[in-house]
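Observations on chain architecture
Here is what each chain is made of, one letter per residue.
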Amino acid sequence: MIDVAAAVIIENGKVFLASRPADKPPAGWEFPGGKIEPGESAFEALKRELLEELNWQIEPLETLYVLKRDNLTISFISARRIPGSEPSACENQSFRWVELTPQAPADILENDIEFWHFLIKK
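Small disclaimer: the values here were computed from a predicted structure and weren't measured. (Residues numbered from 1 in each chain as written. Predicted model: local features only at pLDDT ≥ 70, side-chain atom pairs only at ≥ 80, totals over all residues. Heavy atoms only, no water.)

Turning to the overall build of the chain, a few remarks are in order. Along the backbone of the chain there are two helices and eight strands. From first element to last, N terminus to C terminus, the chain shows the α and β order β-β-β-β-β-α-β-β-β-α. With the C-alpha coordinates aligned to their principal axes, the bounding extent of the chain is approximately 35 × 35 × 30 Å. Among the 122 residues that make up the chain, the fraction classed as buried is 43%. (Helix = DSSP H or I, 4+ residues; strand = E, 2+ residues; numbered from the N terminus. Buried < 20%, exposed > 50% of the residue type's maximum accessible area, 1.4 Å probe, protein only.)

If you want it as structure tokens, here you go:
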């Protein structure tokens, strides 16, 4: 079983998405985050992963949704940026702010689409 924490950061009606690093398939855009290490909480993993991947300090707030598929569990966690902290790509990935609209971005990863639709209805 692989447990993953994903950050849901929304500002001014836009959602923060990051591309997958080229050496970590599948290719596409996702809510950023990563694997939860043994002995680590989802909140701790999220803080660590965003610091490692985007050099971005965030504060996890609450788990919004848990997606379970085969051997994968993704905890989508709302978060806010720590004042003064801005993202920067540390693993050659890109990031962007996307309008939160009923239509999910065409290039978002399949596992994130279900959550996107949940988020729109929330």
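Under the definition given, this model contains 12 aromatic pairs. Where F31 meets F76, the ring centres are 5.7 Å apart and the plane angle is 85 degrees; that geometry is what we call edge-to-face. Taken together, the positions of F31 in the loop between β4 (29-30) and β5 (33-35) and F76 in strand β7 (residues 72-81) put the pair 45 residues apart, joining distant regions of the chain. The same class applies to F31 and to F76, which are both buried. Pairing F76 with F115 gives two aromatic rings, centres 4.2 Å apart and planes at 5 degrees, and the pair type is stacked. With F76 in strand β7 and F115 in helix α2 (residues 110-121), this pair connects stretches of sequence that are 39 residues apart. Taking relative accessible area as the criterion, F76 reaches 0% and is therefore assigned buried. Residue F115 is classed as buried on the basis of its relative accessible area of 0%. (Phe/Tyr/Trp six-rings, centres within 6.5 Å; stacked < 30°, edge-to-face > 60°.)

What follows deals with the pattern of salt bridges. Under the definition given, this model contains 10 salt bridges. Of the charged contacts in the structure, one is a salt bridge between E11 and R81, with a shortest N-O distance of 2.7 Å. Of this pair, E11 sits in strand β2 (residues 10-11) while R81 sits in strand β7, placing them 70 residues apart in sequence. Look at E11 and you get partly exposed, because its relative accessible area is 27%. Judged by its relative accessible area of 17%, R81 is buried. It is possible to trace a salt-bridge network through shared partners that takes in E40, R48, E49 and E52. (Salt bridge = Lys/Arg side-chain N within 4 Å of Asp/Glu carboxyl O.)

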